[in-house]
Structures are given as C-alpha cells and as structure tokens.
Amino acid sequence: MKISPYSFLKVILAIGALAYSSFSWGSVNLPDLNRHKNIVEIKLVAGVTTSSYVSGVKTEVWAYNNSVPGPTIKGGVGQTLIVHFYNKLPEPTTVHWHGLEVPANMDGSNISQGMVPSGGYFRYQFKLTRAGTYWYHPHANSNEQVERGLQGALIVTDSSDKRVHIKKRDEKVLVLDDILLDENGQIAEFATDLSSSVDPVTRAAELFNSRQGNLLLVNGKQQETIKVVSGKPIRLRLINSANGRFMRLSAGDQKMYQIGTDGGLLNDIRTINPVTTIYNHHTQEMTSNPSLDQGMLLTPAERADIVLVPQGDPGEVKHIQWHDTPSGLHNTSRKTDGSIGFSHAHNDGGRPPVNIVRLKFVHGKKGRGWHPTLPLRKHPIQPIEVAHDTQPLIVPFGHGAPMENGNVMFFNAVKESGEMYATLENLMVAAGNQSIVGSVPGMVMPPVFGTLPFGKLNPEDALHAKVGETRVWYLINFTGGDHNFHSHGFFFQPLETIQVNLDGVSANDRIRRSPMEIETKDTVHMPRRAGAAGRSWTIVKAAVRFDDSDLPEHVQRTAEELVASGKSPTDGTSGGWLAHCHFLEHAGGGMMNFLNLEM
Ligand SMILES: [Cu+2]
C-alpha cells in the first residue's frame, strides 16, 4: 500500500477500516523477577523489531521488549522498582521516568546520567512515591527514538484508587501516539537529521510544528476495542506519547469525567464536555469546535485519568473520537530571495474527527452507574503556599527564523533573564492600567536579552534553587505557536495563565487572567501569544517546592538525592534537573533549560 506522507485524513480513510492487530491491553508479559513484596524487579530491553501498523506492511520500529508501546510497568507507592535495562539499539539511549520523583542520577535525562551505549547496560533503582499515570521513554535523540516506538506506561497505585470503585479489570491504559509513515509504510525520515533527504522547507515546518504524523495510534494500533456493558463504568488512563500532536478526546453522548492528572487523582471530579462538530461545506468534512472547554485535551506527554459511563444497547457500537485542536501551526515556503518564510497555517485545528476507540456494547448485568467514594483522595492536595516576594524561575519560550538548510534554533533561556522579567512586569503594570485607553507603548524581543539555546547554556546562566525552597515557575511563551512545559523531578501546581496583549483597547483586552484549578502536574500547556510578536505573550505561573515534604516520610528522597547541578553528570551525581518544552523537535532544537538544585 502506498501511503501519502502528509495527508493524515486520507491515510485514515484508506486504512481505517482494516483489521485491528491481535494483541490487546497491556498483554505484554512483564515478569517480576523479585519475590520480595516491596520490590518490583524487571528486565527492559530496547531493540529493533517490526510492527504491523498498516495491514500487509511490516514497519521497522524501535521498541521496549519487542512491543510498541512497551510493557506497562505497575507498582504501588512505597515499592522499589529495579529495572535491568539493556540497550540493543544501534545508538546510545537512556530511560527517562516521566513524572516520577526519582533520585537525580536515576532520572535518565541526557544530563542526569551518561548515555547507555549501544550494547550497554544500566541498572535503574528507585522508590515509587506517588500514585499516578506515568510513562517512560528515552531522553537521548528523543524525537527520533520516541517516534520509532520507544514509549511505555508506568502506573503507580495507592489506597485512594479503591475509592474510585472501578475494578482493575475495568481499567485500561490508552497510549495515544501519532506517527509519520512514508509511502512505503516506514517511519519517515527525520527533519532533525540534517544528513537526511528532507528538503529545507519541509524541515522548517516539521521543526516549527513539531512532527505531525499521518497515522494515529492507540496502544500501537489504529483502533482499540473495549467491550462495555451499559451502566458499568470504565476507568481509562490516557497518555499522549506523540512528538507534537495534541490529543483531544470526546465520546459523543457517553458521559465522561476527569478524575486524575499527571500526578494522581484530582481534589474534585470534572465533567468532560463533549466536543461539538460542524459541517464544513468547503472541505465537505466535519470540523471540531475549537473551544478547549470541550473534550479532554492532552498536549504531548500529559496524562489524564478518566471515567466513562457507557450507555447503550447490546450489539451497539459507539466511539471515543480524537478531535483536532488549533495550536498555532505554521506553513513554510521558499521566498524569492531564497530564504524560508513562515506563516500561520489555514488548516490549523481543521482536521475531521477520527474514531480511535470502539465501545462495543455486550450483554451483561446492567450496571448501576458510577458511585465513587467522595472525596476521591483520602488526603486532598494542599496548595503550595506562595509568598508575595517568592522569586520566579524564569523560562522564556522562543525561536529564531529558519536557516538556509531549514534548521530552526529554539531556546528556553536568555542571558539577562532578570532584566527581561523587570521589563515584562513593568509593561504589564501599564497594560493593566484602566485609565490608559488604546495601545500601551513598548516591546519585548527576547534576542535583546541574549537567547541561550540548550547547547549554549552554561551552569551559571541556568536556573538556580535550593533544596526545600518554594518557587514560582514563570513561563513565558513569546511565540505564535503553542508549547508546553515539562520539569523533571518535581511536580508543580499551575496557578494561572495570563495573556498579555499591549495592543488591546482597554485594560481588560490587554491582560486576561485565567486562574487554574489545583492539580499535581509535571507538564502544562503554554498557549500561543494572542497578538503581534514583541507586543504580546502568554505567561503560565506554577508553584513548586523543591522537596518531598508533601509525601509520606517513608518515600521521601534525601536532600543528597535531590541535589543536581553543573550540566555534566558524573558516576554518582546528576548534572541538573531538566525543564523543557515537550514538543520533542523543540526540545531537541534547544528549547530546554536546567535547574541547578543545591543544598
Ligand atoms: Cu515547544
């Protein structure tokens, strides 16, 4: 079968009706090698194998234990996880335990440990500290290695999970990916590989937008099927493992509730509004309502725990659908002077919905709906107290114009961040002034403050904090595209999103504040700026405390395990905690910073 590389829709229509692959949920066998009840000990091998994403085509993939996604690792809070990791890939790799509160030198980032060479071995060992839906993936050449299939779920449970009142057998993990296949059904060449045959204009687009695929995958296949009984709730743990694709899910008339996020259960259950669609007469396709109040949105690497209460008759089939989301996608083109230009894409958010999960109603004793014990959490999440003078950790998000070869420089740091912060705060005071009507003069262009892509970032220019300190992440998106922010080692609590536009007519148009409900996150969406470059930006603030004092004592890390700095790891110490955009092409292109955490 020939696959057109850039027409997502056509691929889905052409192959959407074909058979599902034969393996089912988390069926990969993962024996626990240790009989001690407080230890989960497993063997994990990264290697090259094939997968049948498209009927009749064997796609070469890179996989953990020969499976995409890799085996689901499960454990309880307080248990120690030991992973014997073998690298049978043709290149170096690491394993990053996304979201887990691990000792710094077990974090698997490219600065927390040395690379595990091809043919090499590494022993990971750490305690499971907090219930939640996590995942593991490489942190070396990540955009290629994750796209090729290296990704797997890791589930940590505690006694609060029983209060959800859904049996283990009615709980499913959905690893949601989006991959780009070439016309032979193989993983397409990577724009980040400058020696590839990808042309510069295409390269620049893949870097700006992060890789947008042409095939959606749920647990490594085009569609997942779940047998359901009317009125009997199921619990779904969603993981967005895509390089750059947003996953927004909805299930029509089926009731869905969000109960958990990256770092475990929420304080309050949230009802998920279904995504409405309209018919587009020009494209003759359905288009999803762009409002983010609709559906369950996951940006890359985010997770959500949801409960779905099926309603239907035996024999009926209903669907969970993927819906597109506008995210500031860019088109690129060759200009007459030979340079590469970029503009906002017309089709941004306009792709039609795709059925990704079949809910197949079967006969059974009709369920009586969902009756959890409330509140779900035995111990509600307590807000991190932030003093007025808490020092911000400043992380700017920006990029340069495409170079001749299509490469794009991204950054998450500037040399004069204090000066930039002062400029921003002053302009925001003016923008919030009700007595000023019309545009507020001023401009903030990050290059003025000395952009520092990750490769050029020295420890002294990176972020600094002390163990035990409470700080505020002050994340600024200067770009016309969306990003997200992921910090290693420590969860944060998002506080508010502030959209600043100096060109607004009144103070209310110039500064829009959206407070966020309390939750435990390690990855948060950074919406694009609302107006012109330099004249508008989006700020996300999040509270963080650099210790484990909100955890039970027996799982807390020691101060020695938290300390990390200097960018270069040694055998025993980490070179810092990474903080970066999780659009993998952006992170790889330099949109990455690190925290020097000291005693
Ligand atoms: Cu980004």
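Residues numbered from 1 in each chain as written. Predicted model: local features only at pLDDT ≥ 70, side-chain atom pairs only at ≥ 80, totals over all residues.

Visitor: Residues and numbers for the overall build of the chain, please.
Guide: Looking only at helices and strands, the chain has seven helices and 34 strands in total. Relative to its length of 599 residues, the chain is compact, with a C-alpha radius of gyration of 23 Å against a globular reference of 25 Å. Counting only C-alpha atoms, the chain reaches 65 × 60 × 50 Å along its principal axes. When each of the 599 residues of the chain is scored for burial, the buried share is 50%. Contacts spanning at least 24 positions in sequence make up 78% of the contacts within the chain whose residues lie at least 6 apart. (Helix = DSSP H or I, 4+ residues; strand = E, 2+ residues; numbered from the N terminus. Rg over C-alpha atoms; globule rule 2.2 N^0.38 Å. Buried ≥ 20, exposed ≤ 12 C-beta atoms within 10 Å, placed from the backbone. Contact = placed C-beta atoms within 7 Å.)

Visitor: Lay out the pairing of strand 32 (residues 536-545) with the relevant residues and their values.
Guide: In summary, the side chains of a regular strand alternate between the two faces of the sheet. Along strand 32, seven of the ten residues are buried, which leaves the element largely enclosed by surrounding structure. Strand direction decides the pairing type here: strand 27 (residues 470-477) and strand 32, joined by eight bridges, are antiparallel. Along strand 32, the bridge assignment pairs Thr470 with Arg545. Bridge analysis of strand 29 (residues 493-501) against strand 32 gives eight bridges, and the strand direction is antiparallel. Within the sheet, the bridge partner assigned to Ile498 lies in strand 32 and is Ile539. (Pairing = 2+ DSSP bridges.)

Visitor: So what about the pairing of strand 13 (residues 247-250)? Which residues, and what values?
Guide: A two-sided burial pattern is seen for strand 13, the buried positions comprising Met247 and Leu249 on one face and Arg248 and Ser250 on the other. One ladder, built from three bridges, connects strand 13 with strand 18 (residues 296-298); its direction is antiparallel. What sits directly across from Met247, in strand 18, is Leu298.

Visitor: Give a detailed account of the sheet that holds strand 33 (residues 577-580), specifying residues and quantitative values.
Guide: In spatial order, the strands read 26-34-33-28-31; together these five strands make up an open sheet with mixed pairing. In this open sheet, the two edge strands, each paired with only one partner strand, are strand 26 (463-466) and strand 31 (523-526). Across the sheet, the mean angle from the axis of one strand to that of its neighbour is 25 degrees, orientation sign disregarded. Here strand 26 pairs with strand 34 (residues 592-598) via four bridges, running parallel. For Lys466, the partnering residue across the bridge sits in strand 34 and is Glu598. (Axes fitted to C-alpha atoms, helices over the stretch in contact; angles between N-to-C directions.)

Visitor: Tell me about the nonpolar core, residues and numbers included.
Guide: Counting residues in each nonpolar core, the largest one holds 140 residues, and the members touching the most others are Leu238 and Ile306. If you tally residues by element for this core, the top one is strand 9 (residues 171-179), at five residues. Viewed by domain, this core spans two of them, domain 1 (39-361) and domain 2 (392-598), each represented by three or more residues. Excluding anything up to four places from it in sequence, Leu238 contacts Leu174, Leu176, Leu249, Leu298, Arg303, Ala304 and Ile306. (Core = buried A, V, L, I, M, F, W, Y, C linked by C-beta atoms within 7 Å. Domains from an automatic or database assignment.)

Visitor: Before we move on, can you summarise helix 3 (residues 200-209) with the specific residues and values?
Guide: Counting buried residues in helix 3 gives seven out of ten residues, a clear majority hidden from the surface. Of the positions making up helix 3, those classed as buried are Arg203, Ala204, Ala205, Glu206, Leu207, Phe208 and Asn209.

Visitor: Mind laying out the confidence of the model for the chain, listing which residues take part and the relevant values?
Guide: Summarising the model, the chain shows a mean pLDDT of 94, and 95% of its residues fall at 70 or more. Scored below 50 in pLDDT, residues 9-27 makes 25 contacts in the model with residues more than four places away or belonging to other chains. (pLDDT = per-residue confidence, 0-100.)

Visitor: Now, about the environment of Leu194: what can you tell me, with residues and values included?
Guide: Looking at the secondary structure, you find Leu194 in the loop between strand 9 and helix 3. A sequence separation of 211 residues divides Leu194 from Asn405, and the C-alpha atoms of the two residues are 8.1 Å apart. When near neighbours in sequence (up to four residues on either side) are disregarded, Leu194 contacts Asn405 and Asn407.

Visitor: Which residues make up helix 4 (residues 417-431), and what values go with them?
Guide: Look at helix 4: 21 Å from first C-alpha to last across 15 residues, which is about the 21 Å you get at 1.5 Å a residue. For helix 4, the secondary structure elements touched by its buried residues are strand 24 (392-399), strand 27, strand 29, helix 5 (507-510) and strand 30 (511-515). (Expected span 1.5 Å × (residues − 1).)

Visitor: Explain the domain arrangement of the chain to me, using residue names and the numbers behind them.
Guide: Each assigned domain of the chain is listed with its residue range as follows: domain 1 (39-361) and domain 2 (392-598). Between the C-alpha centres of domain 1 and domain 2 the distance comes to 24 Å. Across the boundary between the two partners, domain 1 contributes 49 residues, which contact 49 residues of domain 2. Listed by contribution, the elements that provide at least two residues to the side of domain 1 that touches domain 2 are helix 2 (142-147), helix 3, strand 15 (264-272), strand 21 (330-334) and strand 22 (340-344). At seven residues, helix 3 tops the list of elements feeding residues into the side of domain 1 that touches domain 2. The residue makeup of the side of domain 1 that touches domain 2, split by class, is 16 nonpolar, 24 polar and nine charged. (Nonpolar A, V, L, I, M, F, W, Y, C, P; charged D, E, K, R; others polar.)

Visitor: Got a sec to walk through the sheet that holds strand 23 (residues 354-361)? Specific residues and values, please.
Guide: Reading across from one edge, 11-23-20-13-18 is the order of the five strands in this open sheet, with mixed pairing throughout. In the strand order of this sheet, the two ends are held by strand 11 (224-228) and strand 18, each with one partner. Adjacent strand axes in the sheet meet at a mean angle of 25 degrees when their direction is disregarded.

Visitor: Tell me about unusual backbone geometry, and name the residues and values.
Guide: Outside of glycine, negative phi angles account for most residues, and trans bonds account for most peptide bonds. Each neighbour pair has its own omega, and for Val68 with Pro69 the value is -10 degrees, a cis peptide bond. In this structure, Pro69 sits in the loop between strand 2 (59-64) and strand 3 (70-76). Residues Leu374 and Pro375 are joined by a peptide bond in cis, for which omega reads -10 degrees. In the Ramachandran plot, Asn141 falls in the positive-phi region, its phi being about 45 degrees despite a non-glycine side chain. With respect to the helices, strands and loops of the structure, Asn141 is situated in the loop between strand 7 (132-137) and helix 2. Positive phi values are uncommon outside glycine, yet Lys567 reaches one of about 75 degrees.

Visitor: Tell me about the environment of Pro300, and name the residues and values.
Guide: Topologically, Pro300 is positioned in the loop between strand 18 and strand 19 (303-309). Judged by local crowding, Pro300 falls into the buried class, with 28 C-beta atoms found within 10 Å. On a C-alpha basis, the gap between Pro300 and Val524 in space is 9.4 Å, while along the polypeptide they are 224 residues apart. When near neighbours in sequence (up to four residues on either side) are disregarded, Pro300 contacts Asn240, Ala242, Asn243, Gly244, Asn484, His582 and Phe583.

Visitor: So, the environment of Ile320: which residues are in play, and what are the values?
Guide: Tracing the chain through its elements places Ile320 in strand 20 (residues 317-323). Using a count of 25 C-beta atoms within 10 Å as the deciding quantity, one classes Ile320 as buried. For Ile320 and Asn484, which are 164 residues apart along the polypeptide, the C-alpha to C-alpha distance reads 25 Å. The contact partners of Ile320, leaving out residues within four places of it in the chain, are Leu249, Ala251, Ile356, Val357 and Leu359.

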